[in-house]
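Tertiary structure, described
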Amino acid sequence: MENIVIPAINLAVIAPEVILSLFALALLLINVFVKSESKAYLGYLSIGGIIVSLFSAVSGWGCPAEAFSGTVVQDNFAIFFKVVFLISAAMSILITDKYLERENCNHGEIYPLILFSTVGMMFMASGTDMMTIFLGLELLSVSLYVLAGFNRNSIKSNESGLKYFLLGSFSTGFLVYGMALTYGATGTTKLAKIASYVAQTGMNSSNLLLLVGMLMMATGFAFKIAAAPFHMWTPDVYEGAPTPVTAFMSVGPKAAGFAAFLRVFIVALPALKPEWTWLLWGLAVLTMTVGNITALYQQNIKRMLAYSSIAHAGYVLVGFTAGNAVGTAGILFYMLSYAFMNIGAFAIIILVGKKGEENNNVSDYAGFGYKHPMLGVAMCIFLFSLAGIPPAAGFIGKFYLFSGAIQAGYIWLAVIGVLNSAASVYYYLRVMVFMYFKDPTEEFSWVKLTPAFALCLIIAVAGVMIPGVLPGVFLELAQKALFM
Amino acid sequence: MLSVNSYLYLSAILFVIGMIGVLTRRNAIVIFMCIELMLNSVNLSFIAFSKYLGNMDGQIFVLFILAVAAAEAAVGLALMISFYKNRETIDVEDMNLLKW
């Protein structure tokens, strides 16, 4: 047995995570000791914490460093993803307070829980050891189980939380078993050492331990990013969870899943690239097709966006399959713009709902575009971007993902992706048809835009339009963030 | 002295038993017990590998998995209680409000 060496501690590398955790712990205490009817102040405090953490994360851009004997790194890839997580957490918090007040479930614990799950995501993006990635994933998941079931009095929310918990921990079992087998095959849990051991011994897919380990880990990650055939939980959980949580859940964990998926497969398992490329090819095609076709039949807009988020995971898998610089930079760009457009769309869904009635059917949007012209235009921008119509950011992102696939020689994959993207226009446009071409049956008098909502929508519209009009700047950032 | 393979076979069998349990049982608590069985079979694999390779990493991983499983149990049982309070059942067949 080797001796255990106490590693050099370099807290500066994990400063953004530490700051956010301290804020979350402080908020838990403040929530207990300050008696106040409104919990909005906790939301603003947590946004303060997110901004501090954001500055601390961005200050590390361009200065790679590692800590805790190489289990956590600070590189541009991790920082790019941390910015995506922090932005999506801040935007979800902006739309949380009013929703909770409306649904009579105004408990302040939701803010610390969102912060804790953001910390988990950040560790998933910066972890370079299977242990850190596993712990990050569990911190993220355990907080999200609670968030999905946060509205204790709503039967749907209970059911959503319980379903997410049972299926989520089931998939964790696969992930850790995969990690155990990979550890057994290579004798280390560090990603870089796995790669060098595999290269040294010339191991390939004929090593059954490594191959099964890779497949099991892929299953675990595919569950987190909601790729078909591991997507069954997504629509149920998204529909039942409180809408701000759904907005957060559809963006953050998906991006975190992709960050860890990319790092584990590209850094640790390049030797198995021929095998996992075909695996991802199949996953991408299946995910895009299942997501889009099922979304066509949805009447409930939250379920429709859930299936659309499955389809978007498929588009991102196209870039992952390509595995080249264009495709991978496309993934980063796409996750950033997806955060803005999806949270923006969910913000409007919250506004259209009222107490007791979520108004989630597509037909509830009849005439909405006339009653609230500004909100209608914002919703159109988000839907156009999700459908991939220029000049929105969604178009540019898809363009890079598919051109990455063509450059790498996966012409058919790109063709299937484009066809799927064309089919998806139908269900996004259907919402717009209801908004503009159907006579209003409702007055929409309950829709009140608060400053926090307005801010969230302005950020979302800016985040969709600016990268869409000036893609060069953002793509350059994404390319600098690659670790290949 | 058993070889490392015996432990790995045992662990794989336990993992499959847990998996089948999750897929066939109807009571949420029994499903959760099966998930715990899966996680513990992974722990067994880690310890067997750790002993065989003479490397401590696997045993440290096991400690983390145990801690995480405890946290999951706390959250999962709480979710089951709140579901039971509203529906007076924890049968997964009754989780049928959300479907298309």
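Being a predicted model, the structure only gives us computed values, none of them experimental. (Residues numbered from 1 in each chain as written. Chains lettered and ligands numbered in written order. Predicted model: local features only at pLDDT ≥ 70, side-chain atom pairs only at ≥ 80, totals over all residues. Heavy atoms only, no water.)

A word on the overall build of chain B
When helices and strands are counted, chain B shows three helices and zero strands. The N-to-C order of helical and strand elements in chain B reads α-α-α. Since a compact globule built from 100 residues should have a radius of gyration of about 13 Å, the 17 Å found for chain B marks it as more spread out than a globular shape. Referenced to the eigenvectors of the C-alpha coordinate spread, the extents of chain B come out at roughly 50 × 25 × 25 Å. (Helix = DSSP H or I, 4+ residues; strand = E, 2+ residues; numbered from the N terminus. Rg over C-alpha atoms; globule rule 2.2 N^0.38 Å.)

Some thoughts on the side chain of Thr186 of chain A
Residue and element names in this part refer to chain A. Within the fold, Thr186 resides in helix α7 (residues 155-186). Overall, Thr186 belongs to the buried group, its relative accessible area being 5%. Among the polar contacts made by the side chain of Thr186, one reaches the main-chain carbonyl oxygen of Thr182 at a distance of 2.8 Å. Dropping the residues within four chain positions of it, Thr186 is found in contact with Ile194, Tyr197, Val198 and Leu210. (Buried < 20%, exposed > 50% of the residue type's maximum accessible area, 1.4 Å probe, protein only. Polar contact = N/O pair within 3.5 Å; in protein donor to acceptor, adjacent residues only side chain to side chain. Contact = heavy atoms within 4.5 Å.)

Focus on a nonpolar patch on the surface
Residues and elements named next belong to chain A. Residues Ile9, Leu11, Val18, Leu22, Leu25 and Leu28 make up a contiguous nonpolar surface patch of roughly 540 Å² in combined accessible area. Looking at where Ile9 falls in the secondary structure, it is placed in the segment before α1 (15-33). By relative accessible area, which is 61% here, Ile9 ends up exposed. (Patch = residues over 30% accessible without salt bridge, like charges linked within 9 Å, V, L, I, M, F, W, Y side chains within 5 Å. Areas by Shrake-Rupley, 256 points an atom, 1.4 Å probe, with all protein chains shown as cover. Salt bridge = Lys/Arg side-chain N within 4 Å of Asp/Glu carboxyl O.)

Side note on the interface of chain A and chain B
Size of an interface: often given as the accessible area lost when the parts come together. Each partner contributes to the interface: chain A provides 49 residues, whereas chain B provides 45 residues. Taking both partners together, chain A and chain B bury about 4200 Å²; carbon and sulfur atoms supply 78% of that area. Across the contact surface, chain A and chain B share zero salt bridges. Counting the contacts that link chain A with chain B gives six residue pairs in polar contact (both at pLDDT 80 or more). (Buried area = accessible area lost by both parts, 1.4 Å probe.)

Structural notes on the nonpolar core
Residue and element names in this part refer to chain A. Of all hydrophobic cores here, the largest spans 208 residues; its most connected members are Phe265, Leu317 and Phe320. Per-element accounting of this core gives the leading share, 19 residues, to helix α14 (residues 325-352). Residues contacting Leu317, with those up to four places away along its chain left out, are Ile225, Ala227, Phe258, Phe261, Leu280, Leu283, Ala284 and Thr287. (Core = buried A, V, L, I, M, F, W, Y, C linked by side-chain atoms within 4.5 Å.)

Let's talk about the packing of aromatic side chains
Residues and elements named next belong to chain A. Summed over the entire model, instances satisfying the criterion amount to 31 aromatic pairs over all chains. Each ring, one from Phe77 and one from Phe81, has its centre 5.1 Å from the other, and the planes form 65°; the classification is edge-to-face. With Phe77 and Phe81 both in helix α3 (residues 76-94) and four residues apart, the pair spans about one turn of that helix. Arranged with centres 6.4 Å apart and planes meeting at 85°, the rings of Trp278 and Tyr410 form a pair that is edge-to-face. (Phe/Tyr/Trp six-rings, centres within 6.5 Å; stacked < 30°, edge-to-face > 60°.)

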